[in-house]
Amino acid sequence: MAIGEAGLGSARPGSQPKRLEETMRARLGRECVYVPSCRLGLFLALRHWCPPGGRVLMSPVNDDVIFFVVLAAGLRPVQAPLNPLDASIDIDAVPDEMWSSLSAVLTTNLYGNPDPAPELRARCDALGIPLFEDAAHAIGGEVGGRPVGSWGDASVFSLSKHVGAKAGGFVSVADAGLRQTLEKARDDLLAPRRTTSELVYAVRPYAETAVRGLRLRSAAWAAMRLLGLTEREGIRMPLRPQQLARAVAAAPDLMAHDSWVRVDMHDYRLESGPLRLARIGRRLDRLDEVLAACRAGTESLLSTRWARQRPDAGARPRADGVPGGGGRTGERAQPLFRVPLFVADRDAAIRALARRGIVVGYLYDPPLDDYAGAEFTDLSPAPEGARWFARHALPVDPLRARAVIDVLEESGARPAEAPDGLTRRAPAADGLPQGRPAPEGPTAGGLGPSRG
Ligand SMILES: Cc1ncc(COP(=O)(O)O)c(C=O)c1O
């Protein structure tokens, strides 16, 4: 879009969020409040439902930003055991004493693979605690016959992922009566809109296209590093434990945690101006096209030998006789944001893809408890599933399915073998051999930025 198309002052920002909210309400069937980012929406939800000092069960294979949002809300993250095949919370592996210590559960729906929301809803109801769904990766997904994001007391969405707007999000709530309370809490945290930031937002896609067109991607990264504009040298951002301990002592306090929470998106609490809202609106209108393309790409990737299927996640057998799962409900594949493939030498696969200009992002390795340690989080009682997934999952953009499959074929990438003990309760359904235990510990340092 040319800047003049909307004109900085020509659109009425007051009416645009309402239109976005109505579009989302129609998709989800419940109240939605626009927020400038998913992370801000999550902070609002946690602050509304959870008194400081509470304990939140969450996934250790997750964006570190989300971990810092939980800390900023004055809450103690409790890392859940995960199913190694799709990184969903393994409900049965959570010990009873852990359940009874919780104040809330937060799902991740990693890469769009739904967590078992109906079962988590039942658990939370029995315990009298709220369920929050992080649906940042899972817009358009379904679980238990309902959209992901329609099970929690609150759910949060990011318009930076499938919608690709690089800004915006929603908090969706079961109780429509909370709308005004949440709007007020949001407005109290908003930073005032700035014309320069709107303009930077408007020209960014053109600059990115130019960089791609001129094949300048690595030069651009080097320049950004020189200018101090990248905050991640590896997959996880630097923890800075001493400063973090001081911030945690001040919590709940978003600003005390700002330098961690803003990573990858410094505008996360900036009031959205007309250019931003207009672009988000146009992209949201095209969402169904994107979801259809993601479904098709997901189907192709799930039919490769690097995919692992969760037999209990899908209902119907596939045409090739392999039970459905891992991103499927019924006959339709979920429109995954990324499809986790499992390759034995992930770093080599990442390098092979990089040589073809395909950047692998959204890696979450090591798991959050290995990253942050017991000072800042309760450790998972059964960390192996999360470690194996974090070490081996190669998140593939389904919109680039064909190109990635070609590179993996050409480079001779071998499927990773899940250790026996890990998959006993959720055996691989694709007949791949299982055996060798996964190496432990962090991986892939220095592979460049973790975001796509
Ligand atoms: C799982 C997950 N949740 C939430 C977010 C935050 O979304 P946003 O960038 O819109 O704040 C991210 C960002 O990548 C994410 O990966």
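It should be emphasised that the depicted structure is a prediction, and the values quoted were computed from it without experimental measurement. (Residues numbered from 1 in each chain as written. Predicted model: local features only at pLDDT ≥ 70, side-chain atom pairs only at ≥ 80, totals over all residues. Heavy atoms only, no water.)

1. Observations concerning the overall build of the chain
- Of regular secondary structure, the chain possesses 18 helices and 13 strands.
- Here the chain holds 452 residues, and 56% of them are scored as buried.
- Looking at the chain alone, contacts between residues at least 24 apart form 74% of all its contacts between residues at least 6 apart.
- Looking at the chain as shown, the accessible area adds up to about 18200 Å², and 52% of this sits on carbon and sulfur atoms. (Helix = DSSP H or I, 4+ residues; strand = E, 2+ residues; numbered from the N terminus. Buried < 20%, exposed > 50% of the residue type's maximum accessible area, 1.4 Å probe, protein only. Contact = heavy atoms within 4.5 Å. Areas by Shrake-Rupley, 256 points an atom, 1.4 Å probe, with all protein chains shown as cover.)

2. As for the pattern of salt bridges
- Tallying each qualifying case throughout the model produces 26 salt bridges.
- Taking the shortest distance from any N to any O, the salt bridge between Asp370 and Arg387 comes out at 2.8 Å. Here Asp370, found in helix α15 (residues 368-372), pairs with Arg387, found in helix α16 (residues 384-392); they are 17 residues apart in sequence, far enough to count as distant.
- Given the relative accessible area of 34%, Asp370 is considered partly exposed. (Salt bridge = Lys/Arg side-chain N within 4 Å of Asp/Glu carboxyl O.)

3. Focus: the pairing of strand β9 (residues 169-173)
- Summarising burial for β9: five of the five residues are buried, a large majority.
- Where burial is concerned, the two faces of β9 agree: the one with Gly169, Val171 and Val173 and the one with Phe170 and Ser172 are both buried.
- Bridging between strand β1 (residues 31-35) and β9 involves five bridges; their strand directions are antiparallel. Along β9, the bridge assignment pairs Val35 with Gly169.
- Strand direction decides the pairing type here: strand β8 (residues 154-158) and β9, joined by five bridges, are antiparallel. In the sheet register, Phe157 faces β9, and the bridge partner there is Phe170. (Pairing = 2+ DSSP bridges.)

4. What to know about the packing of helix α14 (residues 346-355) against helix α17 (residues 401-411)
- Where α14 meets α17, the axes come as close as 10 Å, and the angle between the chain directions of the two elements is 120°. With respect to each other, α14 and α17 are oriented oblique. Remark: the crossing between α14 and α17 carries right-handed chirality. Contacts between α14 and α17 involve Ala349, Ala352 and Leu353 from the first element and Val404, Val407, Leu408 and Ser411 from the second.
- Taken together, the residues of the contact of α14 with α17 sort by class into six nonpolar, one polar and no charged. (Axes fitted to C-alpha atoms, helices over the stretch in contact; angles between N-to-C directions. Parallel < 35°, antiparallel > 145°, perpendicular 65-115°, else oblique. Left-handed = near helix turned anticlockwise from the far one by under 90°. Nonpolar A, V, L, I, M, F, W, Y, C, P; charged D, E, K, R; others polar.)

5. Here we look at the site of the ligand
- Around the ligand lies a shell of 14 residues, among which Arg39, Asp134, His137, Ser158 and Tyr364 are the nearest.
- At a separation of 3.1 Å, an oxygen atom of the ligand approaches a polar backbone atom of Cys38.
- Asp63 is positioned such that a nitrogen or oxygen atom in its side chain is 3.2 Å from an oxygen atom of the ligand.
- Alone, the ligand offers 390 Å² of accessible surface; in the complex the protein occludes 97% of this.
- Residues belonging to the shell around the ligand are distributed by class as follows: six nonpolar, four polar and four charged. (Near = heavy atom within 4 Å. Polar contact = N/O pair within 3.5 Å; in protein donor to acceptor, adjacent residues only side chain to side chain.)

6. Focus on the packing of aromatic side chains
- Under the definition given, this model contains 10 aromatic pairs.
- When the centroid spacing of 5.4 Å and the interplanar angle of 75° are considered together, the rings of Phe67 and Phe68 count as edge-to-face. Like Phe68, Phe67 is buried.
- On the basis of an interplanar angle of 80° and a centroid distance of 6.4 Å, the ring pair of Phe68 and Tyr371 is categorised as edge-to-face. With Phe68 in helix α4 (residues 64-72) and Tyr371 in helix α15, this pair connects stretches of sequence that are 303 residues apart.
- Three or more aromatic residues link up through ring pairs in this structure, and these residues are Tyr111, Phe342, Tyr364, Trp388 and Phe389.
- Here the guanidinium or amino end of Arg240 rests over the ring plane of Trp260, the centre of that ring lying 4.2 Å away.
- The ring of Phe337 carries the charged tip of Arg338 above its face, separated from the ring centre by 4.3 Å. (Phe/Tyr/Trp six-rings, centres within 6.5 Å; stacked < 30°, edge-to-face > 60°. Lys NZ or Arg CZ within 6 Å of the ring centre and 35° of its normal.)

7. Description of the confidence of the model for the chain
- Residues at a pLDDT of 70 or more form 79% of the chain, whose mean pLDDT is 85.
- Looking across the chain, the model is least confident in helix α1 (residues 3-6), with a mean pLDDT of 34, and most confident in strand β2 (residues 55-58), with 99.
- Note that residues 1-12 has pLDDT below 50 and, in this model, 19 contacts with residues that lie over four places away or in other chains.
- For residues 426-452, every residue scores under 50 in pLDDT, and the model assigns this stretch 78 contacts once sequence neighbours within four places are set aside. (pLDDT = per-residue confidence, 0-100.)

8. Quick notes on the nonpolar core
- In this structure, Leu57, Val61, Trp99, Val105, Phe170, Ile280 and Phe389 are the most contacted members of the largest nonpolar core, which totals 55 residues.
- Sorting the residues of this core by element identifies α2 (15-28), β1, α5 (96-99), α6 (117-127), α12 (274-285), α13 (287-302) and α16 as the ones contributing at least two each.
- Sorting elements by how many residues they give to this core places α16 first, with four residues.
- Counting contributing residues per domain, this core is built from domain 1 (5-189) and domain 2 (287-411), each supplying no fewer than three. (Core = buried A, V, L, I, M, F, W, Y, C linked by side-chain atoms within 4.5 Å. Domains from an automatic or database assignment.)

9. A short note on the side chain of Asn83
- Turning to its location among the elements, Asn83 is positioned in the loop between β3 (76-79) and α5.
- Within the local environment of Asn83, its side chain forms a polar contact with the backbone nitrogen of Leu85, the two atoms lying 2.8 Å apart.

10. Observations regarding unusual backbone geometry
- The linkage connecting Ala251 with the following residue, Pro252, adopts the cis geometry, with an omega of 5°.
- With respect to the secondary-structure elements, Pro252 resides in the loop between α10 (241-250) and α11 (258-261).
- Here Asp365 and Pro366 are connected by a cis peptide whose omega angle stands at 5°.
- Take Pro366: it is sitting in the loop between α14 and α15.
- You will see that Ala87, though not glycine, has its phi angle at about 65°, which is positive.
- One can find Ala87 in the loop between β3 and α5.

11. Focus: the packing of helix α3 (residues 38-49) against α4
- One way to put it is that α3 packs onto α4 with a least axis distance of 9 Å and a crossing angle of 30°. Comparing the axis directions of α3 and α4 gives the class roughly parallel. In this structure, α3 meets α4 at a crossing whose hand is right-handed. Residues Arg39, Leu42, Phe43 and Leu46 of α3 pack against Val65, Ile66, Val69, Val70 and Ala72 of α4.
- Residues of the contact of α3 with α4, tallied by class, amount to eight nonpolar, no polar and one charged.

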